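# Structure assessment
Listed here are the chains, written in short residue letters.
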Amino acid sequence: MQNALNLLEEHSHAGMWTLNWVTRELWWSNGTFRLHGLTPGEITPTLETAIEFYTEDSRSQIRAAVAEAVESGKEWSLRLKLRRADGLVIEVMAAGRPVIQDGQVQTLSGVIFDVDAIESERLSRHTTEERLRMLTWNSPDGLVMTDAETRIILANPSFCATLGYQEAELVGEMTTVELTPAEDRAISAEYRRKLWHGELDRCVHEKRYRKRDGSYVWMEVAMTLLHDDHGQPLHFLSQYHETTARRQYEEEIFEAKELAQVTLASIADGVIRTDLNGVITYCNEAAARMVDAPVEELVGRPFSSVIRLCNPAGEPLHTDPLEVTLQSGELNRIPAFTRLRTFADDLRPITDSISPLRNLKGEIIGAVFVFQDASEAISFTEKLHFQANHDFLTGLPNRSAAEKVIESLLEEPDSEHRHHFLFFMDLDHFKVVNDTSGHAAGDLLVKSLAHQIRSVIRTSDFFARFGGDEFVLVLRNANYEAAHRSAERLLHAISNFEFIYQHHRYQITASLGITRIIGGPNSLDRLLTEADSACYLAKNQGRNRFRFYSSRDPRLSLIQEDMNWANKIRTAINEEQFELFHQQINSADGTLLGVECLIRLRDGENGYIFPDAFIPAAERMGLLTQIDRWVSRRALQLLTQSLHDASLAAEIGSYLSINLSSSTVADQEFSSWLLALMQHHPDICSRLRVEITETERINWTQDEIDFVNRLRALGARVMLDDFGMGYNSFDVLKRVRFDGIKLDRQVVRDINSDPVDRALAVASAAIARSMGLQLVAEGVETQADLSALLDLGIHHFQGYMFHRPKPFSSELVQPAPTTTLPPARWG
């Protein structure tokens, strides 16, 4: 048959072609190659290379015909000029037609005749049956010619192979009706009737055919009617394209779509899909419930009219997150604690993300908005916020709350007749209780005594636990005599309190330091120092007494210890007696990620003094900023040196972390100095991390927020330290953009034994994930700690289990002890 087809193509000067419009694969018969002046298989034809063989005028005709066929399904027959590979230009007749399924063109097929050759040789016309038989023999689609009774008189190899028959078993032996299941025969019979009576020129339908092995295949059938020279109906000519795989794929797609629809209808997350114009094309039931409107009222509406996003105060957001996503093509998250204004005009807290939706070409065709109701999470956050401002053991306000009250009183105008007093109370010999009966007894004592004290103070007084066995009392609207009487009443109530624990009796007393709340430079820190100093004086004079602070009281020289520490600190800074240690931050398998700088004070023959010994005095004496400046300068020197010191670079890892106190963050002179230093050394900024201790007092002015933002803009990453033990964790996260948080070691220590600490760890991990923050767990010492943290999805760790603090191995090239270098360098 192949030889016969080649022979006929040669004699008829014709060639066939088939173009798969989906894959753009173009097939040429041997005759088509010869017609183009090529040997069969000499090139791999494509649509564009085929068009290039034609003259310029002919090319435009072909492109227009193909476009119209794809657009409207129209067939074409054109007389064109073709330039063969040998340069000869010939006139050809090119005919083609599309095969359409479900409204989409699947293939284009056609034939090309060499008109010049046909006319010059004046060949006798072949019958329609013979020409079609030869021209269609090598088509990849099945081709069958039948008579009026559907008996097969021609079947090409493709059709035979698809059904598994030999040509001799079909031609003259079988009808297409016999190959068709009974339930599919009626549709074909109706189409044949309409073709025979001229009601249709052609028809396309899909049905099953029985293979030789008894199985069935789906075929798309394009059928037309051939006529004789007198225009009378002669034969049916059908083109067959197997669609079994496509139908199976469509069924799988349908099942997947059904599964997706059921899943989206079942999940608690709201899901809304939009088109490129921001019009909602899909909305699941969860989204409709959260918006407080039926699904049918949402689909077809603009996204902005349905999803109205506001800040917690109910003010609309300044930017449209959907518009940002459609323009940028990137995933976009709305700010934390955003509210959704529902159709009932309620404000519902949500968390969400908006992702672009793309087609197979990667073009953006819309977006998907996924959001969750965060009402319970916000409620839990508010509970945690309460806990962050109150002492867990006693239920009293904590240090942060006390400082806020004191600062609010400092802002009031001074009055001659109306004063406020700060009481600083420290229990006497509290350590004896802990040492003899354990910390559980100490906790019970603090809790019981707090209840006792609250019963004897005025309702207008503010009473808070400052930490450990330290309490503060703010006496409002009183004079010195009233303060004196309150102190006596307070000491009397405490001394009459008898604490019994496991047959042990303890007589409790306390020492009080009192100072008047008066504004001035560093007012809060100064007042706390004054009250603490007066309390210290009361303890030194025998305990169970109170003392008013007076700058003229010579007995306050007993607080010289703090002054001594202050002198030691200043000397250490000026004479380079401080030294930087480091502790690694690792992944679970021990891989080094980075290190945190830790300060030590060299103490001659006694080795090193740990920061716990001198940092409290430094804080009271206002020296923390100077220490932070020393540490920051040394850390940046280490990073710079690591650029050309491979050993030091390996010891540091990816980053070097420093700690800044709240007073340092609030110091504008320090912030200007550090930012100038970083700008002068831009090549190290990306390896610097700044940890801000969350348990310290930070009011977060706009200047402090700007400082954090400028640090991040220069490439540094800013972490919120000791997260979970502070007083304003969640307020800080609302107002300040951090890159990560560090879970406090106290939470990690009791994560497997204390449900509160575990809840804090779970909440911290959830908040970190939702806000895209890196979470580092401090104080990891045991495998049990590590396992619990890994279960929470935490992957960055710091603690003795991985590494103990030690000095840097590489020697730092230190500057001269007198630091007189300009700010832009290391001064």
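Residues numbered from 1 in each chain as written. Predicted model: local features only at pLDDT ≥ 70, side-chain atom pairs only at ≥ 80, totals over all residues. Heavy atoms only, no water.

Here we take up the packing of helix α26 (residues 668-680) against helix α27 (residues 702-713). In contact at an axis separation of 11 Å, α26 and α27 are set at 10° when each is read in the N-to-C sense. Accordingly, the angle class assigned to the pair α26 and α27 is roughly parallel. Across from Gln668, Phe670, Ser671, Leu674, Leu675, Met678 and Gln679 in α26, the residues of α27 making contact are Asp703, Phe707, Arg710 and Leu711. Looking at side-chain class alone, the contact of α26 with α27 contains 6 nonpolar, 3 polar and 2 charged residues. (Axes fitted to C-alpha atoms, helices over the stretch in contact; angles between N-to-C directions. Helix = DSSP H or I, 4+ residues; strand = E, 2+ residues; numbered from the N terminus. Parallel < 35°, antiparallel > 145°, perpendicular 65-115°, else oblique. Contact = heavy atoms within 4.5 Å. Nonpolar A, V, L, I, M, F, W, Y, C, P; charged D, E, K, R; others polar.)

Another point: the pairing of strand β3 (residues 76-83). Of the two faces of β3, the one lined by Trp76, Leu78, Leu80 and Leu82 is fully buried and the one lined by Ser77, Arg79, Lys81 and Arg83 carries no buried residue. Judged from the 8 bridges that link them, β3 and strand β4 (residues 89-101) form a sheet pairing that is antiparallel. Opposite Arg79, over in β4, you have Met93 as the bridge partner. (Buried < 20%, exposed > 50% of the residue type's maximum accessible area, 1.4 Å probe, protein only. Pairing = 2+ DSSP bridges.)

Attention shifts here to the sheet that holds strand β19 (residues 462-467). Strand order in the open sheet made by the 5 strands is β19-β20-β18-β23-β24, with mixed pairing throughout. Pairing within the sheet leaves two strands with one partner each, and these edge strands are β19 and β24 (546-548). Ignoring which end each strand starts from, the neighbouring axes of this sheet average 20° apart. Contacts from helix α16 (residues 399-410) reach β18 (419-427), β19 and β20 (470-478), with the element oriented near 130° to β19. Running at roughly 160° to β19, helix α18 (residues 439-454) makes contact with β18, β19 and β20 of the sheet.

Each aromatic ring pair is characterised by the separation of its centres together with the angle its planes make. Applying the stated rule across the entire model yields 24 aromatic pairs. Ring centres 4.9 Å apart and planes at 75° place the aromatic pair Phe421 and Tyr480 in the edge-to-face group. Placement of Phe421 in strand β18 and of Tyr480 in helix α19 (residues 480-495) is noted, with a sequence separation of 59 residues between them. With a relative accessible area of 0%, Phe421 lands in the buried category. Judged by its relative accessible area of 43%, Tyr480 falls in the partly exposed class. Connected via pairs of aromatic rings, a cluster forms that spans Phe421, Tyr480, Phe546 and Phe548. Lying over the aromatic face of Phe581, Arg600 brings its terminal NZ or CZ to 5.1 Å of the ring centre. Lying over the aromatic face of Tyr655, Arg689 brings its terminal NZ or CZ to 3.6 Å of the ring centre. (Phe/Tyr/Trp six-rings, centres within 6.5 Å; stacked < 30°, edge-to-face > 60°. Lys NZ or Arg CZ within 6 Å of the ring centre and 35° of its normal.)

With that out of the way, let us pick up unusual backbone geometry. Trans is the prevailing form of peptide bonds, just as negative phi is the prevailing case for residues other than glycine. Of note, the phi angle at His503 is positive, near 70°, even though the residue is not glycine. Turning to its location among the elements, His503 is positioned in the loop between β21 (498-501) and β22 (504-507). Judged by its relative accessible area of 82%, His503 is exposed. In this structure, Glu576 is a non-glycine residue whose phi angle is positive, near 55°. With respect to the helices, strands and loops of the structure, Glu576 is situated in the loop between α21 (560-574) and β25 (578-586).

Here we take up the confidence of the model for the protein. On average, residues of the protein score 85 in pLDDT, and 87% of them reach the 70 mark or higher. Within the model, the stretch residues 123-129 combines pLDDT values under 50 with 12 contacts to residues more than four positions away or in other chains. Contacts of residues 815-827 to residues separated by more than four positions or lying in other chains number 26 contacts, the stretch itself having pLDDT below 50. (pLDDT = per-residue confidence, 0-100.)

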